[in-house]
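Architecture and fold: a report
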Amino acid sequence: GLHPRLLQSRELRVLLVDTANALKRLAIQHVPKRSRLLKTSINSKVEDFGSQNPKVRLGSSSRYAKFVEFATKPHEIVPKNKQALFWVDYNNPQTRARLGRAAAVFTFAARVRHPGTKAQPFIGPAWQVVRPRFLMALERVVRAKLAGGL
């Protein structure tokens with residue numbers, strides 16, 4: 001394993017915290033534009049610093065983040081606690097054209113066949129950008145520590 005002085009060094013801690021912050025910032029930039037809630041749910045932190053396995057964790061507290069990152073297959077949606085699904089569509093262009101500017105369509109359904117969604121990754125792309133910089137910086141920290149005799 002790595003030397004304990006390296007694993008507990010200020011330089012490594014700064015690198016990991018900077019990496020966590022960069023990952024969070026880039027992940028937020030990669031979130032689809034209309035997903036404000038998803039953007040605010042993204043978090044990052046350094047875990048297990050000083051151990052043999054320090055980690056930078058990037059994630060989201062949103063229940064649907066994984067569906068945005070990885071896509072969904074076509075699936076059926078059925079009501080959980082009621083007899084029907086219900087939604088209001090305010091933004092349907094056909095509805096606005098037919099009924100005027102201020103219009104809404106109220107829809108009820110016993111079940112809905114959802115076509116699935118395409119992946120819109122935001123965590124993977126953030127890592128792809130940060131990874132080369134992180135590895136170069138980590139190499140600099142290790143070399144500096146080794147040159148200084150740890």
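Residues numbered from 1 in each chain as written. Predicted model: local features only at pLDDT ≥ 70, side-chain atom pairs only at ≥ 80, totals over all residues. Heavy atoms only, no water.

**Quick word on the overall build of the protein**
- Each helix and strand counted, the protein has 6 helices and 6 strands in total.
- Listing each helix as α and each strand as β along the protein from the N terminus yields α-α-α-β-β-α-β-β-α-β-β-α.
- For the protein, the C-alpha radius of gyration of 23 Å lies well beyond 15 Å, the compact-globule estimate for 150 residues.
- Taken along the three principal axes of its C-alpha coordinates, the protein extends 75 × 35 × 20 Å.
- Sequence separation of at least 24 residues holds for 65% of the intrachain contacts in the protein that already meet a minimum separation of 6.
- Put simply, the protein shows about 11,100 Å² of open surface, and 55% of that area lies on carbon and sulfur atoms. (Helix = DSSP H or I, 4+ residues; strand = E, 2+ residues; numbered from the N terminus. Rg over C-alpha atoms; globule rule 2.2 N^0.38 Å. Contact = heavy atoms within 4.5 Å. Areas by Shrake-Rupley, 256 points an atom, 1.4 Å probe, with all protein chains shown as cover.)

**Some words on the nonpolar core**
- Within the largest apolar cluster, 21 residues are counted, with the highest numbers of intra-cluster contacts made by Leu15, Ala27, Leu38, Ile42, Phe122 and Val130.
- For this core, the element with the highest residue contribution is helix α2 (residues 10–30), accounting for 7 residues. (Core = buried A, V, L, I, M, F, W, Y, C linked by side-chain atoms within 4.5 Å. Buried < 20%, exposed > 50% of the residue type's maximum accessible area, 1.4 Å probe, protein only.)

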